[in-house]
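In case you want the letters, here they are:
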Amino acid sequence: MGPVSVWQWSPWGLLLCLLCSSCLGSPSPSPSVGPEKRAGSQGLRFRLAGFPRKPFEGRVEIQRAGEWGTICDDDFTLQAAHVLCRELGFTEATGWTHSAKYGPGTGRIWLDNLSCSGTERSVTECASRGWGNSDCTHDEDAGVICKDQRLPGFSDSNVIEVEHHLQVEEVRLRPAVGWGRRPLPVTEGLVEVRLPDGWSKVCDKSWSSHNSHVVCGMLGFPSEKRVNVAFYRLLAQRQQHSFGLHGVACVGTEAHLSLCTLEFYRANDTTRCPGGGPAVVSCVPGPLYAASSGQKKQQQSKPQGEARVRLKGGAHPGEGRVEVLKAGTWGTVCDRKWDLQAASVVCRELGFGSAREALSGARMGQGMGAIHLSEVRCSGQESSLWKCPHKNITAEDCSHGQDAGVRCNLPYTGVETKIRLSGGRSRHEGRVEVQIGGPGPLRWGLICGDDWGTLEAMVACRQLGLGYANHGLQETWYWDSGNITEVVMSGVRCTGTEMSLDQCAHHGTHIACKRTETRFTAGVICSETASDLLLHSALVQETAYIEDRPLHMLYCAAEENCLARSARSANWPYGHRRLLRFSSQIHNLGRADFRPKAGRHSWVWHECHGHYHSMDIFTHYDILTPNGTKVAEGHKASFCLEDTECQEDVSKRYECANFGEQGITVGCWDLYRHDIDCQWIDITDVKPGNYILQVVINPNFEVAESDFTNNAMKCNCKYDGHRIWVHNCHIGDAFSEEANKRFERYPGQTSNQII
């Protein structure tokens, strides 16, 4: 009996669903209200409210009988939070809050003394005092913190899930020979799909390059290439194959194979794929995942144009806020009509596969500055986001609260199996252990703590799949490593962009460790979120000026080393120092508050300026010659960090006064005005000429950030001995070769030599 089509997908219905706002989880009109679930069988609706800075946390509110109300925190537990997060469409809870952390609600308090085991399908199955029976006030409203991962098929999620009982859940490539011994990622092999009863092959009759394109995208590869089908046909004659699909018809723009027209075999079909063989696909890996040096050389030999799309703020490779380059300025994309087709174009353009999620509502943090594009409509065939139809917008059309983001499909590399953490209180922290060996037996060992810092910890957390590093620790005596005592890696130095510790520089097989005890081995504390500081470069340019300040007014500044060395030999209190002054406004655009590395117990009180110093070095200010030689410097030593101003929907949390907490809240900025002591560079000894003004935030990487490439600002600077002109200030990749070329020549000059 021939194959019978038991189920065919029409992609148009699914595509229509994906393009509508309910599938994409478009942001609520109110900034204080988060995800909301549709009415269930009990007639209840759920939402997150208050002022969460993330879309997966907030005060829990329930609508019953048309009235919204809250839940009291009495007897509330993590198990109850699990049930509520599932009601809200998330997979599980990571925490819960009490005492109205997200602000007191209004209306009824629907539930009190809520008691759940955590396995209930609905909150209605949990024990409580009964609906509306409570002795609490809204100062006791409970909140939840959910894992940022949606349940399959949830109505507010745009993750493609097929609700039919017969579906393609996963796809993989199986090499015809050498299975299990091939280097990862696997880029070529027989296509296998996972059905409810296991893995099956796909018949290659009518198989097209469009089908291959979709499969490669799902596996994290940007494109496909031709494959030697005759070789695989010859091998197939000697093997038995289990076929589950006999028909696949893709347009090529689908983000998932389930969006293609599929024909499945019946369980009782006796003849499968007559005259054909298993479908074979070969994919081209992106630059980050080129499996061999030959592929890397081939890709590097191609002319590299200026990147016009990038991702920022993501905790994992292939995810982040979408930013595009226009007229030399990076800006964001408004999430209006943002869908999986547009997101997939971005992912493939950056060397990843198709998009797993198209994120709206600034899920990857808010950008700053321009919003370049809106209502981007891609077919999915475009080679760049800029080739998709779109609208240019003004500031009034969209806000950064609507910044679009993506999560891309990535190839499986297996790097997470070569590293692990031990001894920590949770899976996000512990002593770092790495696996070495080969071709002999593999073994686990520790890493020497010498020179281990934030950048190295960032790579370790990325390799583990745990996001960013909060801390890189050089002493881990308080974490028991069990039976592992051998140090197998030392001298690890990373740039912070590597995918695994193997890619970082280290001593190789020769171990050289200054402190050989096990207590001095490397450890990490990882986090899914991190801060991200950005200097307001235009303000520096607008406020820069020169002041000749009398020495008798600089005693406090001298105490804090805010003057050039020559000031020590000056005729105090007579004379003056020439100062380049400017305002410094530093924003936190990340997804976690920026906190000083040292705790309050080690802060130092400075009587002169009347505040506690929480960081040894927070900012470097330098005057450089065009060839990079430093001629003057300033710094914000022991910076007093606080929230000077915040966005409309964010409240200040940090203030230096009265030994208050120090830091910069997400959505806030710290302003040091030009007229404040030490907000300058002492240029008394600088000769007239053309220079570069450089400002670097968090220069020693003491505090983890999601992005260190935007911590530096550079400006052209012309000084004639009496006046100074600061212009062409810009942020981002200020140390890159491309950026430095902008400073090699100055307008109206034929030479860069100092006048």
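Residues numbered from 1 in each chain as written. Predicted model: local features only at pLDDT ≥ 70, side-chain atom pairs only at ≥ 80, totals over all residues. Heavy atoms only, no water.

## Describing the overall build of the protein chain
Of the regular secondary structure elements, the protein chain holds 11 helices and 39 strands. Relative to its 755 residues, the protein chain shows a buried fraction of 53%. The contacts in the protein chain between residues at least 6 apart in sequence include a share of 70% that link residues at least 24 apart. Roughly 34,500 Å² of accessible area belongs to the protein chain as shown, and the carbon and sulfur atoms make up 49% of that amount. (Helix = DSSP H or I, 4+ residues; strand = E, 2+ residues; numbered from the N terminus. Buried < 20%, exposed > 50% of the residue type's maximum accessible area, 1.4 Å probe, protein only. Contact = heavy atoms within 4.5 Å. Areas by Shrake-Rupley, 256 points an atom, 1.4 Å probe, with all protein chains shown as cover.)

## As for the environment of Gly 367
Examined against the element boundaries, Gly 367 turns out to sit in the loop between strand S17 (355–359) and strand S18 (371–373). Taking the C-alpha atoms as reference points, Gly 367 and Leu 589, separated by 222 residues in sequence, lie 6.5 Å from one another. Residues contacting Gly 367, with those up to four places away along its chain left out, are Arg 321, Thr 332, His 400, Asp 403 and Leu 589.

## Topic: the pairing of strand S14 (residues 309–312)
Residues Val 309 and Leu 311 line one face of S14 and the alternating positions Arg 310 and Lys 312 line the opposite face, and both faces are buried. Across four bridges, S14 lies against strand S15 (residues 319–326) in antiparallel orientation. Bridging from a neighbouring strand, Val 309 pairs with Val 324 of S15. Here S14 folds back onto S15, and the loop between the two strands holds six residues, one of which, Gly 313, carries a positive phi near 85 degrees. (Pairing = 2+ DSSP bridges.)

## Re the pairing of strand S38 (residues 712–719)
For a regular strand, side chains alternate in direction, first toward one face of the sheet and then toward the other. The buried fraction of S38 amounts to seven of the eight residues, a majority that puts the element mostly inside the structure. Sheet analysis places strand S37 (residues 689–697) next to S38, joined by eight bridges and oriented antiparallel. Its bridge partner being in S38, Val 695 is matched across the sheet by Met 713. The sheet contact formed by S38 and strand S39 (residues 724–731) spans six bridges and is antiparallel. Pairing of Asn 716 across the sheet is with His 727, part of S39. Hairpin geometry of S38 and S39 is characterised by an intervening segment of four residues between the two adjacent antiparallel strands and by a positive phi of about 95 degrees at Gly 721.

## Considerations on the pattern of salt bridges
With the rule as written, the count across this model stands at 36 salt bridges. Its salt-bridge partner being Glu 357, residue Arg 407 comes within 2.9 Å of it at the nearest N-O pair. Of this pair, Arg 407 sits in strand S19 (residues 405–408) while Glu 357 sits in strand S17, placing them 50 residues apart in sequence. Accessibility classification places Arg 407 together with Glu 357 in one group, the buried group. The salt bridge involving Asp 622 is made with Lys 630; its shortest N-O contact spans 3.7 Å. For Asp 622, a relative accessible area of 5% corresponds to the buried category. Three or more residues are tied together by salt bridges with common partners; here these are Asp 148, Glu 319, Glu 357, Arg 363 and Arg 407. (Salt bridge = Lys/Arg side-chain N within 4 Å of Asp/Glu carboxyl O.)

## Some points on the nonpolar core
Membership of the largest hydrophobic core comes to 34 residues, with the highest contact counts inside it found for Leu 580, Phe 582, Phe 618, Ile 681 and Leu 693. Listed by contribution, the elements that provide at least two residues to this core are strand S26 (533–535), strand S32 (617–624), S37, S38 and S39. Beyond its immediate sequence surroundings of up to four residues, Leu 580 is in contact with Ala 544, Tyr 545, Ile 623, Gln 679, Trp 680, Ile 681, Ile 683, Leu 693 and Ile 724. Counting 29 residues, the second-largest nonpolar core is a separate cluster that includes Val 434, Val 459, Tyr 468 and Phe 708. (Core = buried A, V, L, I, M, F, W, Y, C linked by side-chain atoms within 4.5 Å.)

## Notes on the sheet that holds strand S29 (residues 584–588)
Pairing within the open sheet is antiparallel, and its four strands lie in the order S26-S29-S35-S34. Here the strands that pair on one side only, and so sit at the sheet edges, are S26 and strand S34 (645–646). Across two bridges, S34 lies against strand S35 (residues 668–672) in antiparallel orientation. By the bridge assignment, Cys 646 is partnered in S35 with Cys 668.

## Looking at the state of the cysteines
Taken as a whole and assessed by the stated rule, the structure comprises 16 disulfides. Through a disulfide, Cys 72 is tied to Cys 136; the S-S separation comes to 2.0 Å. Because the torsion about its S-S bond is -75 degrees, the bridge between Cys 72 and Cys 136 counts as left-handed. Here Cys 72, found in the loop between strand S3 (67–71) and helix H3 (78–87), pairs with Cys 136, found in the loop between strand S5 (108–111) and strand S6 (143–146); they are 64 residues apart in sequence, far enough to count as distant. Its relative accessible area of 13% is what places Cys 136 among the buried residues. What pairs with Cys 494 in a disulfide is Cys 504, and their sulfur atoms sit 2.1 Å apart. Taking the sign of the S-S torsion, 105 degrees for the link of Cys 494 and Cys 504, the bridge is right-handed. Taken together, the positions of Cys 494 in the loop between strand S24 (487–489) and strand S25 (523–527) and Cys 504 in the loop between S24 and S25 put the pair 10 residues apart, joining distant regions of the chain. Just so you know, Cys 717 is unpaired, no disulfide at all, and the nearest cysteine sulfur is the one on Cys 715, 8.0 Å from it. (Disulfide = S-S within 2.5 Å.)

## Digging into unusual backbone geometry
Cis geometry marks the peptide bond from Trp 572 to Pro 573, where omega comes out at 0 degrees. As for its position among the elements, Pro 573 is in the loop between helix H10 (555–559) and strand S28 (576–581). The phi angle at Glu 375 is positive, at roughly 50 degrees, despite the residue not being glycine. Structurally, Glu 375 can be placed in the loop between S18 and S19.

## Focus on the sheet that holds strand S27 (residues 545–550)
To summarise the sheet geometry, strands pair through backbone hydrogen bonds and adopt either a parallel or an antiparallel arrangement. Taken in spatial order, the three strands line up as S27-S28-S36 in an open sheet, and their pairing is antiparallel. Each edge of the open sheet carries a strand with a single partner, namely S27 and strand S36 (680–682). Here the strands of the sheet are splayed against their neighbours by 35 degrees on average, with no regard to which way each runs. Alignment of S28 against S36, held across three bridges, turns out to be antiparallel. Within S36, the residue paired with Arg 581 across the bridge is Trp 680. (Axes fitted to C-alpha atoms, helices over the stretch in contact; angles between N-to-C directions.)

## Some thoughts on the environment of Thr 644
Tracing the backbone through its elements, the reader meets Thr 644 in the loop between strand S33 (630–637) and S34. On the basis of relative accessibility, which here comes to 22%, the residue Thr 644 falls in the partly exposed class. Along the chain, Thr 644 and Leu 671 lie 27 residues apart, while their C-alpha atoms are 5.9 Å from each other. The residues contacting Thr 644, other than those within four sequence positions of it, are Lys 652, Trp 669, Asp 670 and Leu 671. Reaching out from Thr 644, the side chain makes a polar contact with the side chain of Asp 670 at a distance of 3.4 Å. (Polar contact = N/O pair within 3.5 Å; in protein donor to acceptor, adjacent residues only side chain to side chain.)

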